[in-house]
Amino acid sequence: PALAQSSQGLNYNNADLRVFLQDIAMETGLTLVIDPKVRGQVTILSEALVDRDTLIELMKTAVRVNGFSSVPMAGGGFKIIDTVKAVRDAKSTNRETGDALVTRIFNVKFTDPELVFDSLRGLIDKQGIISWKKGQSQIVVTDFAGNVLRMEAIIDTLDIDNSVTQSMALQNTS
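1. Considerations on the sheet that holds strand E3 (residues 32-34)
In space, the 3 strands of this open sheet follow the order E3-E6-E5, with mixed pairing throughout. The open sheet is flanked by E3 and strand E5 (68-72), the only strands paired with a single partner. Within the sheet, the average angular offset between the axes of one strand and its neighbour, ignoring direction, is 25°.

Dropping the structure here:
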């Protein structure tokens, strides 16, 4: 099967998810290990031509919309598996974006980790996990990469060293 991309763009209208994944693997050169339980339909219509990186993001999104997850594998491919299993198998990574399921450990340095944990708890996806133990400065998050990136930005905003002051010499003062 060839990717349903012509000079007019992408055309997957209620296509079988497994056929779509096979096309993505062939077009991008990615290795995809697909759980036999993976089933679904995908509709992706695009007027514009789509580059390799966008195809990969579309693949992750199509998988997620169908209730599954794309878990990064060592060597660059993805396992397409049930989301519950993916939460258990998620890899710790800093490079994934979008709809891949990842685990990140955040070290809170300057702010009360309990405050940060409470701030993030409501943002976690229903399949995600967030954990923190009293007395520890690490918060562990397993969630979709796009959401983890948003949480990282929130942590960066909250975890600021307020003890630093800066002195400046004033000139031309009377």
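2. Quick look at the packing of helix H4 (residues 113-121) against helix H5 (residues 145-158)
The geometry of H4 relative to H5 is characterised by a closest axis approach of 11 Å and an angle of 145° between their N-to-C directions. The handedness of the crossing between H4 and H5 is right-handed. Residue-level inspection shows Val-116, Ser-119 and Leu-120 of H4 in contact with H5, the latter providing Met-151, Ile-154, Ile-155 and Leu-158. Partitioning the contact of H4 with H5 into residue classes produces 6 nonpolar, 1 polar and no charged.

3. A short note on the environment of Arg-121
Structurally, the position occupied by Arg-121 is in helix H4. Classification of Arg-121 as partly exposed rests on a relative accessible area of 45%. In this structure, the C-alpha to C-alpha distance between Arg-121 and Ser-131, residues 10 residues apart in sequence, is 8.8 Å.

4. Description of H4
Restricting attention to buried positions, one finds in H4 the residues Pro-113, Val-116, Phe-117 and Leu-120. Taken end-on, H4 shows its buried residues confined to a sector of 100°, consistent with a single buried face. Those residues of H4 hidden inside the fold are in contact with strand E9 (129-131), strand E10 (138-144) and H5. For H4, the N-terminal capping position is held by Asp-112, with its side-chain oxygen 3.1 Å away from the main-chain nitrogen of Glu-114.

5. Digging into the pattern of salt bridges
Evaluated as defined, the whole model comprises 5 salt bridges. The salt bridge partner of Lys-134 is Glu-114, with a shortest N-O separation of 3.3 Å. In this pair, Lys-134 sits in the loop between E9 and E10 while Glu-114 sits in helix H4, placing the two residues 20 residues apart along the sequence. For Glu-114, a relative accessible area of 30% puts it in the partly exposed group.

6. Points about the side chain of Lys-60
Inspection of the secondary structure assignment puts Lys-60 in helix H2 (residues 52-65). Residue Lys-60 is classed as buried on the basis of its relative accessible area, which comes to 3%.

7. A short note on the environment of Val-50
Assignment of secondary structure puts Val-50 in the loop between strand E4 (41-46) and H2. Exposure remark for Val-50: the relative accessible area of 13% places this residue in the buried category. For Val-50 and Leu-10, which are 40 residues apart along the polypeptide, the C-alpha to C-alpha distance reads 7.5 Å.

Quick notes on the rules
Counting starts from 1 at the beginning of each chain's written sequence and moves along it residue by residue. Local features are withheld for residues below a pLDDT of 70 in this predicted model, meaning they are given only at 70 or higher, and side-chain atom pairs are given and counted only at 80 or more; totals for whole chains, interfaces and linings count all residues. As a rule here, side-chain values come from all non-hydrogen atoms in the structure, and water together with hydrogens is ignored. Two strands are counted as paired when DSSP detects at least two bridges linking them. Secondary structure elements are taken from DSSP: a helix is a run of H or I of four residues or more, a strand is a run of E of two residues or more, and numbering for both begins at the N terminus. Axis geometry follows a simple rule: fit a line to the C-alpha atoms, using only the stretch in contact for helices, then measure angles between N-to-C directions, giving values from 0 to 180 degrees. We call a crossing left-handed when the near helix sits turned anticlockwise from the far one by less than a right angle, and right-handed when that turn is clockwise. The criterion used for residue contact is that any of the two residues' heavy atoms lie within 4.5 Å. Basically, the charged four are Asp, Glu, Lys and Arg, the nonpolar ten are Ala, Val, Leu, Ile, Met, Phe, Trp, Tyr, Cys and Pro, and anything else, Gly included, counts as polar. The rule is simple: take the accessible area with a 1.4 Å probe, protein chains only, and divide by the maximum for that residue type; under 20% is buried, over 50% is exposed, in between is partly exposed. Our arc is simply the arc of the directions from the helix axis toward the C-beta atoms. Nitrogen and oxygen atoms within 3.5 Å of one another constitute a polar contact, given that in protein one can donate a hydrogen and the other can accept it, and given that sequence-neighbouring residues count only through two side-chain atoms. A pairing counts as a salt bridge when a side-chain nitrogen of Lys or Arg comes within 4 Å of a carboxyl oxygen of Asp or Glu.

The values are spatial; any link to function lies outside them.
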